[in-house]
Structure formats: C-alpha cells, structure tokens
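A look at the structure
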2 protein chains.
Amino acid sequence: MSDLNDTPRTDLAGLDNHVGYMLRCAQLAVFGDFIAGQRGAVTRPGQFSILAVIDRNPGLSQTRVCAALGIKRANLVGVINELESSGLVRRDPSPKDRRSNRLHLTPAGQRALRSSLDGQAEHEARITRLLGVAGRRSLLKQLVKLCQLRK
Amino acid sequence: MSDLNDTPRTDLAGLDNHVGYMLRCAQLAVFGDFIAGQRGAVTRPGQFSILAVIDRNPGLSQTRVCAALGIKRANLVGVINELESSGLVRRDPSPKDRRSNRLHLTPAGQRALRSSLDGQAEHEARITRLLGVAGRRSLLKQLVKLCQLRK
C-alpha cells in the first residue's frame, strides 16, 4: 500500500504546535460558527464589523474604517459597494473633502445590524460554553498581547 | 469640529471583546511577524505549511493537503502552481489515478523549507517571549478547543 490516499492520517509536521497555524484554524472555526448562526441580511463577520463600527461612529470615512478594522482599502470598497447595493449603508460626500465619503447606516442597515447582534450573542455564548468564562477571558488576554506584534 | 476625520479614535463598538474579531487581529499580527522574519524563497505562512506537510508526507495528493490544512482547492492550486514554477514542488501523476497528482519537494524545495524553519523558530520564540511559556501553552489549549467548533 504505497498510495497515501489509502491512509487516513496526514502528518501535520508539528504545525499544530505553531501559534500562527492554530490561530488560523481557530479563526476558520469561529467565523464558520458565526456565519452558521446568522439568519438575516448580514452573513459574514466582516460585514458585521463594518456595520457595527459605522453605527457607533456615524459619518466615518472609509479610511478610518480600514484603520479601525485592519481591512485593506481594496477589500473594504468591495464590501461597502455590496452593503450600499443592499440598501444597508449610505455614502455621503464629505463637506470638507469631496474625494472622501462619510458612511452612515440606513434604517434597513440598523435593523440588519440589530438582527445580526442576536446571532452574534448566541455565537459568543457558544464560545463561552466551550471555553468557560475563565478560559475565554484568558484567551482574550493572550490575543490582546499578540495584536501588539504589529506595533 | 463635526468631521470625525479630525478625531483620532474610532469607537470599536465592543468588537475587541468578541473572540472572532480578536482572533483575526491576532492572526494578522502573527502572520505579519512570520512574514517579516522570512529571508528566502518562502514568504508566506501558507507556502510554509504546504511545504512542511508535503515534506513530511511525500506523495501526498492535493485533496489531502486541502483537508489537512483547511485550504480551499482553488486557493491551493494557485499556491502549488507558484511553488512548481519556482522549482520547489514537483507534481507526479498518481499511478492509481491519472487525474490525481502526487506532490513532492524538489531538493530546492527542501532547502527552502529548511531555511524557512530558521525564521519560523525565531518567530515562535518572539511569541513565547511575549506570552511567556505558560501563556503560550494556555493559548494553544483554548485554540484547540475553538477548532472543535467546526466538527
């Protein structure tokens, strides 16, 4: 039996002891769980974050959304176009700089965000049940430290 | 001063208390640190993981690499094409199934992986200095649990 396709296990070469590999694995799983719990217009974590940040900072520029969420401009523009076509976000030209837009949620966008927040709360509760309150707190503490690697 | 572009802070709407958001932030930071520490032919974590898994499982099929690393087939094909053009990976047709390829590292691929492992070890050591040995162990324990959400 020389064909590895016949053997069920792949040797992960120790990758499951690498923080980066495990972060990616956990992120795929957590994002998948978020998506599975959404029932409305918002289907992806990126859309949710963008709506939540615009809701809390009405009139925010695209540049500021990119900076706040670590999203590349080219990617953000695609998602904002999508949210605008779905009638969830409105772009107003900035009174100070005509090349810049100020972003607002429409009433439909606010409803979509509120409905999405229910799914998000259940998703976060599933994570807390899985890790325990102390486990979740400890995880967030280590993740905050890791985010500092960018500085 | 009504233009938010003049104010330095964006309200993150509590996203920094969401596990998914913080995982993404940490992953961006950790992947950035990995990339910054690489000096040779391997520049991205995905290339590194693929080379490491092929090295440990010579003759692996693309399907098995996708399953082991949670990579979508369309994305894997792009990276394998790239690694093949750079002379790091060789595709041999499977003797059992002509539609399937078996993947091997070339000698240049083995050298690239060894050189990349040095950068990876330094990267992982930076993470351990940041989190402490116990903090890193605790992080990995929680990440393993989160990966189970996919099951």
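Everything numeric in this text was worked out from a predicted model, so none of it was measured. Each chain carries its own residue numbering, running from 1 in the direction its sequence is written. Numbering of ligands from 1 and lettering of chains from A proceed in the order in which they are written. Selection of residues for local features in this predicted model requires a pLDDT of at least 70, selection of side-chain atom pairs for listing and counting requires 80 or more, and totals for whole chains, interfaces and linings are taken over all residues. Only hydrogens and water are set aside when side-chain values are computed; all heavy atoms of the structure are taken into account.

**Overview of the confidence of the model for chain A**
Residue and element names in this part refer to chain A. Per-residue confidence for chain A averages 92 on the pLDDT scale, and 94% of its residues sit at or above 70. Throughout residues 1-6 the model reports pLDDT below 50, and contacts reaching past four residues in sequence, or to other chains, amount to 15 contacts. Complex prediction metrics read pTM 0.90 and ipTM 0.91. Each residue carries a pLDDT value, the predictor's own confidence for that position, ranging from 0 to 100. Contacts were defined at the residue level, with two residues in contact if any of their heavy atoms lie within 4.5 Å.

**What to know about the sheet that holds strand β3 (residues 101-105) of chain B**
Sheet strands pair by backbone hydrogen bonding; their relative direction is either parallel or antiparallel. All names here are of chain B. With antiparallel pairing, the three strands of this open sheet are ordered in space as β1-β3-β2. If you trace the sheet from one side to the other, it starts and ends with β1 (60-61) and β2 (89-93), each paired once. A strand pair is defined by DSSP finding two or more bridges across the two strands. Secondary structure elements are defined from DSSP: runs of H or I of at least 4 residues count as helices, runs of E of at least 2 residues count as strands, and each element is numbered from the N terminus. Pairing between β2 and β3: five bridges, direction antiparallel. The residue of β3 that forms the bridge with P93 is N101.

**So, the state of the cysteines**
For the purposes of this analysis, a disulfide is any pair of cysteine sulfur atoms at a distance within 2.5 Å. Evaluated as defined, the whole model comprises two disulfides over all chains. Covalent S-S linkage joins A:C25 and B:C147, the inter-sulfur distance amounting to 2.4 Å. Highlighted residues: A:C25 in helix α1 (residues 19-36) and B:C147 in helix α5 (residues 107-147), drawn from two different chains. The buried label applies to any residue whose accessible area, calculated with a 1.4 Å probe on protein chains only, is under 20% of its type's maximum; exposed applies above 50%, and partly exposed to all values in between. Taking relative accessible area as the criterion, A:C25 reaches 16% and is therefore assigned buried.

**Here we look at the relation of the copies chain B and chain A**
The pair of chain copies shares a relation made of a rotation about an axis and a shift along it. The copies were overlaid with a least-squares fit restricted to C-alpha atoms from residues scoring a pLDDT of at least 70 in each copy. Of the transformation superimposing chain B on chain A, the axial component is 0.0 Å and the angular component is 180 degrees, with the fit at an RMSD of 0.0 Å. Here the transformation between the copies is reduced to the relation of a two-fold axis. Residue B:L139, judged by its C-alpha, is the member of chain B lying nearest the rotation axis, at 2.9 Å.

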